[in-house]
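Breakdown of the fold
Okay, here's what each chain looks like letter by letter:
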Amino acid sequence: MEVCGIVPARSGSVSIKNKNICVLDGKFLLTFPILTMMQCKQINRIIVTTDSERYAMIARGAGAETPFLRPPELSTDCPSEEPIIHAVKWLKEVRDYHPDLIVTAQCSTPLTTVETFNKCCKIMENQSYDSACAVWEAHPPPAWCFSTVYLLGNIYMKPYEKVKPQGEWGVRQTLPKLVVPTGGCYVTRTDYLLKERRIIGDRCYPVTVKNKLEALDIDCQEDLTILNALFKSGELDGWFPK
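Residues numbered from 1 in each chain as written. Predicted model: local features only at pLDDT ≥ 70, side-chain atom pairs only at ≥ 80, totals over all residues. Heavy atoms only, no water.

**A closer look at unusual backbone geometry**
Negative phi characterises most residues that are not glycine, and trans characterises most peptide bonds. In this structure, Asp-96 takes a positive phi of about 55° despite not being glycine. Here Asp-96 lies in the loop between α3 (81-95) and β5 (101-104). Phi is positive for Leu-152, which is not a glycine, with a value near 55°. With respect to the helices and strands, Leu-152 occurs in the loop between β7 (146-151) and β8 (154-159). (Helix = DSSP H or I, 4+ residues; strand = E, 2+ residues; numbered from the N terminus.)

Following this line, the structure appears as structure tokens:
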């Protein structure tokens, strides 16, 4: 089975300027998914889709391929599937490359482990699944979330779901178990991706990550500061195999 890893890494970022090449533990953020996927024996090659030659140079230095720069229309905020689909089609049409599976890994979830990549790829040997992805328990539960509403010049909180967060619904252990994708690893059958234009399919297998830190997504400067502090403290020593 031919498996291709793809890392989307556009240069524009709203929350943190040049987020994908911010430095974490002395390495560019972009290099984390590349270096981890290189240790996954099921993944045959790794492509980075970016709009920046600087990003491409960093990616090549880490061991990935950058055979093209993505077009301008895919270099702004757009559905996350579109740059992946573009990359798959480019590889098919220009390089005559037809992988069976596409592994998508975002830069902003740098603690995704090779174990998670291995599990997601392994499960796809079962033809019952069209996809697999890394997940973690939803927190806070949607039942505890509120929307804000305006009424006669005042602002109020209103339960987001139809149930009120009280009684049994106020006890986490009694709530339905819900999961959310971490963003660190998605594996999708190529034919499904191209036909349905979706990374997560209707028959997606959830691979629960081993530690909540794997689900940490860098969305603001504070997230980056926390992760750098964890590396500096030694808390993450041994997280990545040498």
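**Observations regarding the packing of aromatic side chains**
Per the counting criterion, the structure on display carries four aromatic pairs. Look at Phe-68 and Trp-90: their rings are 4.9 Å apart centre to centre, the planes differ by 40°, and that puts the pair in the tilted class. Remark: Trp-90 occurs in helix α3 and Phe-68 occurs in the loop between α2 (53-62) and α3; sequence separation between them is 22 residues. Residue classification places Phe-68 among the buried positions, given a relative accessible area of 7%. The cationic tip of Arg-45 hangs over the ring face of Tyr-97; the distance from NZ or CZ to the ring centre is 4.3 Å. Note that Lys-210 overlies the ring of Trp-239, its terminal NZ or CZ placed 5.2 Å from the centroid. (Phe/Tyr/Trp six-rings, centres within 6.5 Å; stacked < 30°, edge-to-face > 60°. Buried < 20%, exposed > 50% of the residue type's maximum accessible area, 1.4 Å probe, protein only. Lys NZ or Arg CZ within 6 Å of the ring centre and 35° of its normal.)

That is the geometry; function is a separate question.
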